[in-house]
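Next come the chains, spelled out residue by residue.
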Amino acid sequence: MWQSYVNGLLVAAGLIMAIGTQNAFVLAQSLRREHHLPVAALCVVCDALLVAAGVFGLATVLAHNPTLLAVARWGGAVFLIWYGSQALRRACSKQSLNQGENQTVRSLRAVLLSALAVTLLNPHVYLDTVLLIGSLGAQQTEPGAYVVGAASASLLWFFTLALGAAWLAPWLARPSTWRILDLLVAVMMFTVAFQLITAA
């Protein structure tokens, strides 16, 4: 059982810690201290559910249904382009210079819906979390322990990222930092969208 748990922990940690759209979103929310802990919790729950779904059969379904992956790919590309455009607009506007002080705080519902979109409209989450992590988990002697290990990695990573970035926010709350952050988020979103479009 412990071997399956450790395998899930290590495999998930290696993939989750890679810089991606989900991590960029959690980082941005944490630096703004805008519902960052509920966002981290939502990411953990989504990862755990997706890994469990992959381990217990969804990975096989997706691997044999390219239409579902195509729909996810194009829907994800459209959303990422829109989200990246919003970040780029903030970076290029005067408003971004005062983001730390005058930014309008969004409702918890709006932030969580955005987090869900960043997570579930990104086809990479299905390729990495469901297909790769899920397929490996299905081969474990204790698949349930593997899922718990993967969920533990997600829990440790997202809450460390959320709490750490929020703690550093006072030192990072300079106008230039917000502008750079928005530019990085925009580049990340556009890059992933481009990869999705060119892979079609």
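Quick notes on the rules
- Residues numbered from 1 in each chain as written.
- Predicted model: local features only at pLDDT ≥ 70, side-chain atom pairs only at ≥ 80, totals over all residues.
- Heavy atoms only, no water.
- Patch = residues over 30% accessible without salt bridge, like charges linked within 9 Å, V, L, I, M, F, W, Y side chains within 5 Å.
- Areas by Shrake-Rupley, 256 points an atom, 1.4 Å probe, with all protein chains shown as cover.
- Salt bridge = Lys/Arg side-chain N within 4 Å of Asp/Glu carboxyl O.
- Helix = DSSP H or I, 4+ residues; strand = E, 2+ residues; numbered from the N terminus.
- UniProt positions renumbered as here; feature names shortened; annotations may be inferred.
- Phe/Tyr/Trp six-rings, centres within 6.5 Å; stacked < 30°, edge-to-face > 60°.
- Buried < 20%, exposed > 50% of the residue type's maximum accessible area, 1.4 Å probe, protein only.

Undergrad: Can you explain a nonpolar patch on the surface? Please cite residues and give values.
TA: Judged by side-chain polarity, Trp74, Ile81, Leu88, Leu183, Phe190 and Ile197 come together as a nonpolar surface patch covering roughly 480 Å² of accessible area. Among the elements of the structure, helix H4 (66–92) and helix H9 (175–198) are those that each provide at least two residues to the nonpolar patch. Along the chain, the position of Ile81 falls in helix H4.

Undergrad: Before we move on, could you go through the UniProt feature "transmembrane region" (unreviewed entry) in the protein chain and cite the residues and values that matter?
TA: Residues given the UniProt feature "transmembrane region" (unreviewed entry) here are residues 6–27, 39–62, 68–88, 108–126, 146–168 and 180–197. Annotated as 89% helix and 0% strand, the span residues 108–126 places its first and last C-alpha atoms 25 Å apart.

Undergrad: Go over the packing of aromatic side chains, please, and point to the residues and values.
TA: Within the structure shown, the criterion is met by one aromatic pair. On the numbers, 5.7 Å between centres and 80° between planes, the contact of Trp2 with Tyr5 is edge-to-face. Linking Trp2 with Tyr5, this pair stays in helix H1 (residues 2–16), spanning three residues, or about one helical turn. A relative accessible area of 61% places Trp2 in the exposed class. The class of Tyr5 is partly exposed, set by a relative accessible area of 21%.

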